[in-house]
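# Coordinate analysis (summary)
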Amino acid sequence: MRLSRSFVPTLKETPAEAQIASHRLMLRAGLVRQTSAGIYAWLPAGWRVLQKIAQIVREEQDAAGAQEILMPTIQPAELWRQSGRYDAYGPEMLRIVDRHDREMLYGPTNEEMITEIFRQSVRSYRELPQNLYHIQWKFRDEVRPRFGVMRGREFLMKDAYSFAIDYPSAVLEYRKMMLAYMRTFQRMGLKAIPMQAEAGPIGGNLSHEFIIVAPTGESQVYYDAAFERIDPASGDFSFDSPADLNRFFSLLTTPYAATDEKHDPALWRNVAEKREGRGIEVGHIFYFGTKYSEPMGLVVAGPDGRPVHPFMGSYGIGVSRLVGAIIEASHDEAGIIWPESVAPWKAVLLNLKMGDARCDALCEEVYAGLGAEALYDDREERAGVKFADADLLGHPWQIIVGPRGAAAGTVELKRRATGERAELSVADALARIG
RNA sequence: CGGGGCGUAGCUCAGCCUGGUAGAGCACAGCGUUUGGGACGCUGGGGCCGGAGGUUCGAAUCCUCUCGCCCCGACCA
């Protein structure tokens, strides 16, 4: 993509409303623009990041055996009356009336809807277990939205819903999601820690929050340093092996980890390597049994022919929140430092002297070699502006082409994360980026 | 929802107390000089001073109401 023809409106000054680093940087780097309190439009660079995060989530959900669907944002109130949550949910739910005076709502979550869909079509235990997910916009009318996309009212969320014929089978679904989540966050360069959590309005009694430790987190968290050494990708854990899933689960739930609501000073005293700090919740998984299947009349025939209410769980990942969380975990004074897996562009090409025949030619050569994952800064701007924007946007790699090197046929390759620089031939630079 | 604050140019803000023809820096357009870390000079364009009502000869400024946004707290993916 050529920056001269792109809509990437960067800001030199910090917008007054942004308090924390990720919010400030998302506005300054031209990722998003606020349209109302807690509601954001995603601009090209931000949208690319959001889609990359969603894609990683999707791949890991698929790997865990979940199937992608897409449910609507607008739901009938009637469904929520069946579960009893229409009145229980309170003013956080955005309620709408259509032209026929039918009560509707903008979905804050989808347990009722998926239960209804499942109820229409599933009759036998032979069809279980199943796990269905979608990646869809949600709306929760927060009293006080803040921190940009980290605590917006409208947000993109992956939510999955599992159905099982009995408790042991339901627990396996839960553990699959735990493994999938740990791999998902790891691929985004994040160290997530599952912590015991309150089930909240979703309901249920088995629940973990996935927490990223960062100074701007919303809650105080306590955990054992053992978590810093766990690598979910290693150890050959298979989704198909109950033994693996159970082993993984105990590996992740044995060391102490708790948010302040669940913190137990008595247990904490026995933790050898204590770590505490602030945490950002990026995912939450729940097991809640028959909380919805029973009131909503979801029934399948069990092996003995008798009716059974399936045992359910739900599993959320805050996709849009992750954009903010990743930035909170990875930035410096100059700007964002994207992990390669979610960067809007893998590399930026800086032409320091537009109009110089050698620079222009060399840049075209490099640009052609980089492919679609590159942004070419071909604006008529001074070098300093390009450097500043490149650091702000946080591209993992910067390829700097100036008159000095161009004369010798070399380019400068800079790694954003470390600041390392090297003078290389075009071929070597391209090879290094990979 | 309680408490506090702010709405003036695209952005960051001054002006308001003490009413008298709307400002600065950055950004934008043109010209010139510059040119490897957010250049400099000159010229220019851009405002229903959030909105409505009121007081006054006269309101960005004073009063009332309203809408929006931000911060602290309580609440939450």
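Every value quoted in this text rests on a predicted model; they were computed, and no experiment measured them.

Now for the sheet that holds strand E5 (residues 94–97). Ordered in space as E4-E6-E5, the three strands form an open sheet in which the pairing is antiparallel. What marks the edges here is a single partner per strand, and that holds for strand E4 (74–76) and E5. When strand polarity is set aside, the average angle formed by the axes of neighbouring strands in this sheet is 35°.

Turning to the sheet that holds strand E21 (residues 397–401), a few remarks are in order. An order of E20-E19-E21-E22-E23 is seen for the five strands of this open sheet, with the pairing classed as mixed. In this open sheet, the two edge strands, each paired with only one partner strand, are strand E20 (374–377) and strand E23 (421–425). On average, each strand axis in the sheet is tilted by 25° relative to the strand beside it, whichever way the strands run. The pairing of strand E22 (residues 410–415) with E23 spans five bridges and is classified as antiparallel. Paired with Lys414 across the two strands is Arg421, which belongs to E23.

It is worth spelling out the protein's contact with RNA strand B at this point. With respect to spatial proximity, 39 residues lie near RNA strand B, and among them Gly152, Glu281, Asp391, Glu412 and Arg421 are the closest. Of everything in RNA strand B that lies within 4 Å of the protein, sugar and phosphate atoms constitute 43%. A distance of 2.7 Å is found between a phosphate oxygen of RNA strand B and a backbone nitrogen or oxygen belonging to Ala37. Here Arg382 contributes a side-chain N or O atom positioned 2.7 Å from a base oxygen of RNA strand B. Mapped onto the surface near RNA strand B, the elements with two or more residues apiece are strand E1 (32–36), strand E13 (274–289), helix H11 (383–393), helix H12 (403–408) and E22.

Turning our attention to helix H2 (residues 44–63). With 20 residues, H2 should reach 28 Å at 1.5 Å per residue; the first-to-last C-alpha distance of 28 Å fits that figure. The set of residues buried in H2 consists of Ala45, Gly46, Val49, Leu50, Lys52, Ile53, Ala54, Ile56, Val57, Glu60 and Gln61. Phi turns positive, to about 95°, at Gly65, one or two residues after H2.

All right, on to the packing of helix H10 (residues 357–370) against helix H13 (residues 426–433) then. The contact between H10 and H13 brings their axes to 10 Å, and the two run at 30°. It follows from the interaxial angle that H10 and H13 lie roughly parallel. H13 is crossed by H10, and the crossing has right-handed handedness. Residues Leu362, Glu365, Val366, Gly369 and Leu370 of H10 form the contact with H13, whose participating residues are Val426, Leu430 and Ile433. Its residues assigned to classes, the contact of H10 with H13 shows six nonpolar, one polar and one charged.

Across soluble globular proteins, you tend to see nonpolar side chains buried next to one another. The biggest cluster of nonpolar side chains holds 82 residues, and the ones touching the most others in it are Leu31, Ile53, Phe185, Met188, Val323 and Trp338. Considering each element in turn, this core owes the most residues, nine residues, to helix H6 (residues 167–187). When neighbours within four sequence positions are excluded, Ile53 is seen to be in contact with Met188, Val319, Leu322, Val323, Ile326 and Val342. Counting 24 residues, the second largest nonpolar core, distinct from the first, contains Met93, Ile114, Ile165 and Tyr292.

We now examine the domain arrangement of chain A. Here chain A is described as being made up of domain 1 (3–335) and domain 2 (345–433). Facing 15 residues of domain 1, the contacting portion of domain 2 comprises 13 residues. Taking both partners together, domain 1 and domain 2 bury about 1,200 Å²; carbon and sulfur atoms supply 58% of that area. In this structure, the connection of domain 1 to domain 2 is made through three salt bridges. The closest approach of N and O atoms between Arg48 and Glu373, which form a salt bridge, is 3.5 Å. Linking domain 1 with domain 2 are seven residue pairs in polar contact (both at pLDDT 80 or more), by the criterion used here. Within the residue set of the side of domain 1 that touches domain 2, elements represented by two or more residues are helix H1 (21–28) and H2. In terms of residues, the side of domain 1 that touches domain 2 owes the most to one element, H2, which gives three residues. Of the residues belonging to the side of domain 1 that touches domain 2, the class tally is eight nonpolar, three polar and four charged.

Residue Pro129 is reached from Leu128 by a cis peptide bond, and omega for that bond is 0°. Relative to the helices and strands, Pro129 resides in the loop between helix H5 (111–121) and strand E7 (130–139). For Asp101, which is not glycine, the phi torsion reads 65° and is therefore positive. The residue Asp101 is located in the loop between E5 and strand E6 (103–106) in this model. Of note, Phe147 is a non-glycine position whose phi angle comes to about 60°, a positive value. Looking at where Phe147 falls in the secondary structure, it is placed in the loop between E7 and strand E8 (154–164). Under the relative-accessibility criterion, Phe147 is labelled partly exposed at 22%.

Our next topic: the pairing of E20. In E20, alternate side chains face the same way, and those of Ala374 and Tyr376 on one face and Leu375 and Asp377 on the other are all buried. Bridge count for strand E19 (residues 347–351) against E20 is four bridges, and the pairing is parallel. Paired with Ala347 across the strands is Ala374, a residue of E20. In this view, the connection linking E19 to its parallel neighbour E20 by way of H10 has right-handed handedness.

The rules behind each value
Residues numbered from 1 in each chain as written. Chains lettered and ligands numbered in written order. Predicted model: local features only at pLDDT ≥ 70, side-chain atom pairs only at ≥ 80, totals over all residues. Heavy atoms only, no water. Pairing = 2+ DSSP bridges. Helix = DSSP H or I, 4+ residues; strand = E, 2+ residues; numbered from the N terminus. Axes fitted to C-alpha atoms, helices over the stretch in contact; angles between N-to-C directions. Near = heavy atom within 4 Å. Polar contact = N/O pair within 3.5 Å; in protein donor to acceptor, adjacent residues only side chain to side chain. Expected span 1.5 Å × (residues − 1). Buried < 20%, exposed > 50% of the residue type's maximum accessible area, 1.4 Å probe, protein only. Parallel < 35°, antiparallel > 145°, perpendicular 65-115°, else oblique. Left-handed = near helix turned anticlockwise from the far one by under 90°. Contact = heavy atoms within 4.5 Å. Nonpolar A, V, L, I, M, F, W, Y, C, P; charged D, E, K, R; others polar. Core = buried A, V, L, I, M, F, W, Y, C linked by side-chain atoms within 4.5 Å. Domains from an automatic or database assignment. Buried area = accessible area lost by both parts, 1.4 Å probe. Salt bridge = Lys/Arg side-chain N within 4 Å of Asp/Glu carboxyl O. Right-handed = clockwise from strand over helix to strand, strands pointing away.

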